[in-house]
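Breakdown of the fold
Here is how the chains run, residue by residue.
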Amino acid sequence: MRVKPLLLVALLVAGCSPAPAFTASLTSPTDVVLSWPDDGAGHRVEYANDPAGPWTTLRFLPAHTTSYHHPDLIPETPFYYRVQPFTGPVSTDLKAVTSGDTVTFTWADHSPDEAGFLLEVRRPGAPDFDPVEVTGPDETTCALSLLPGEERSAYRLRALHYGPLFPVVHRTTGKER
C-alpha cells in the first residue's frame, strides 16, 4: 500500500515541473518559432546548422519581445538556435546629418566597457523603437540608407551590454510539402 502514495506524489511532482525557458517549435515542416519569457531585455537571436557554429545573427529584437519566427527553412536540415539578452543605457548624445537618402550618425563614447552600440529607429506611426544597426565597441559613427517613409523617423542609440546566452535549442526541419 505504501507504493501507491509514493507513486502518486512522484506523478504530481513530475506534472508540476516548470516550462522550459527557451523553446523552438516547428509550426510547419519548414518554419520554426522560438519562444522565451519576458525578462525586460532586448534579445539577439542567432542560428547555426551545427551546434559548434559558426553562428549567424538573425535579428536584434526590442525589449519585451518574447518570440521569433524563422520561416521558409531548408527541408530536412538541423537548425540550432541561441538567444542572448542585451541591455544598455540610451544616449542623449546622438547627432544625425542627412545627405540625400543617407543619414550619418555620430556620438561620443562615454561607456568604457560596451560590447558595441545599438542604433534604434521608431518609424512614423510605430509605437516602439526597433534595432537597425549594431557597431563594434569604441566606434562613434555609422551611416544608414533611408527607406521610403523613414524621413521623419526618430532614432536613438544605446551602449550595448550582453547578458548570458540562453541554452542552445535544436530543431530539424521536416520534408517539404
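What counts as what
- Residues numbered from 1 in each chain as written.
- Predicted model: local features only at pLDDT ≥ 70, side-chain atom pairs only at ≥ 80, totals over all residues.
- Heavy atoms only, no water.
- Salt bridge = Lys/Arg side-chain N within 4 Å of Asp/Glu carboxyl O.
- Helix = DSSP H or I, 4+ residues; strand = E, 2+ residues; numbered from the N terminus.
- Buried < 20%, exposed > 50% of the residue type's maximum accessible area, 1.4 Å probe, protein only.
- 1 Å grid on protein atoms, 1.4 Å probe; cavity = no way out; pocket = protein on both sides within 12 Å on 5 of 7 lines; lining within 4 Å.
- Points joined across faces, edges and corners; volume = space filled by probe spheres on them.
- Nonpolar A, V, L, I, M, F, W, Y, C, P; charged D, E, K, R; others polar.
- Pairing = 2+ DSSP bridges.
- Axes fitted to C-alpha atoms, helices over the stretch in contact; angles between N-to-C directions.

**Comments concerning the pattern of salt bridges**
Under the defined criterion, the tally for this structure stands at seven salt bridges. D93 is the partner of K95 in a salt bridge, and the nearest nitrogen-oxygen pair spans 3.2 Å. Note that R158 is salt-bridged to E120, the shortest N-O span being 3.2 Å. Separated by 38 residues along the polypeptide, R158 in strand 13 (residues 154-162) and E120 in strand 10 (residues 116-122) bring together distant segments of the chain. With a relative accessible area of 13%, R158 lands in the buried category. By relative accessible area, which is 3% here, E120 ends up buried.

**A look at the layout of surface pockets**
Its boundaries defined by the atoms lining it, the largest pocket holds a volume of some 200 Å³. If you go around the largest pocket, you meet 14 residues; those closest to its centre are P62, A63, E120, R156 and R158. Sorting the residues of the lining of the largest pocket by element identifies strand 6 (78-87) and strand 13 as the ones contributing at least two each. For the lining of the largest pocket, the residue count by class is five nonpolar, five polar and four charged.

**Re unusual backbone geometry**
At the junction of G53 and P54, the peptide bond is cis and its omega measures out at 5 degrees in the coordinates. Among the structural elements, P54 can be located in the loop between strand 3 (42-48) and strand 4 (56-61). The residue D72 is not glycine, and still its phi comes out positive at about 55 degrees. One can find D72 in the loop between strand 5 (67-70) and strand 6.

**Some remarks on the sheet that holds strand 12 (residues 141-145)**
If you walk across this open sheet you meet the three strands as 8-9-12, and the pairing is antiparallel. Each having just a single partner strand, strand 8 (95-99) and strand 12 make up the two edges of the open sheet. Strand after strand, the sheet turns through a mean of 20 degrees between neighbouring axes, direction not considered.

These figures capture arrangement, not role.
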